[in-house]
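# Remarks on the overall topology
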Amino acid sequence: MTSPGLDHELARIAQAIDRLERAAAARDAQLAELAVLKARHRRLKDTVSNELQQLDLLLANLPQKP
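Residues numbered from 1 in each chain as written. Predicted model: local features only at pLDDT ≥ 70, side-chain atom pairs only at ≥ 80, totals over all residues. Heavy atoms only, no water.

Right, let's talk about the overall build of the chain for a bit. If you tally the helices and strands in the chain, you get 1 helix and 0 strands. For the chain, whose C-alpha radius of gyration is 29 Å, the value lies well above the compact-globule estimate of 11 Å for 66 residues. Once the C-alpha set of the chain is aligned to its principal axes, its extents read approximately 100 × 15 × 5 Å. For the chain, buried positions account for 0% of its 66 residues. Accessible surface, the chain as shown: approximately 6400 Å² in total, 62% of it carbon and sulfur. Averaged over its 10 positive side-chain charges, the chain has a centre that lies 9 Å from the centre of its 9 negative ones. (Helix = DSSP H or I, 4+ residues; strand = E, 2+ residues; numbered from the N terminus. Rg over C-alpha atoms; globule rule 2.2 N^0.38 Å. Buried < 20%, exposed > 50% of the residue type's maximum accessible area, 1.4 Å probe, protein only. Areas by Shrake-Rupley, 256 points an atom, 1.4 Å probe, with all protein chains shown as cover. Lys, Arg positive; Asp, Glu negative; His and termini not counted. Charge placed at Lys NZ, Arg CZ, Asp CG, Glu CD.)

So, in structure tokens, the structure goes:
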């Protein structure tokens, strides 16, 4: 049989562990979201770069005014 004080402290420890586990899960979710955002950023940056190169080519091939 355990004392009420010990039971209370064990319950507090269990609550603290639960909070830590939830915080770790939230952190993992944030890291996964960050990875998705970084990949999306890279794709958008590459797309913009490619489109700017195409625009540069088009502008370079325009006839020059005398």
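Right, picking up where we left off after that structure.
This part takes up the pattern of salt bridges. Side chains that carry opposite charge are capable of pairing whenever their charged atoms lie near each other. The full count for this structure, using the stated rule, is 3 salt bridges. D46 is the partner of R42 in a salt bridge, and the nearest nitrogen-oxygen pair spans 3.5 Å. One end of the pair is R42 and the other is D46, both in helix α1 (residues 4-60) and 4 residues apart, which spans about a single turn. Residue class for R42 comes out partly exposed when judged on its relative accessible area of 45%. Its relative accessible area of 37% is what places D46 among the partly exposed residues. (Salt bridge = Lys/Arg side-chain N within 4 Å of Asp/Glu carboxyl O.)

With that settled, consider a nonpolar patch on the surface. Taken together, the side chains of V48, L52, L55, L58, L59 and L62 make up a nonpolar region of the molecular surface, amounting to roughly 580 Å² of accessible area. Here L52 shows up in helix α1. (Patch = residues over 30% accessible without salt bridge, like charges linked within 9 Å, V, L, I, M, F, W, Y side chains within 5 Å.)

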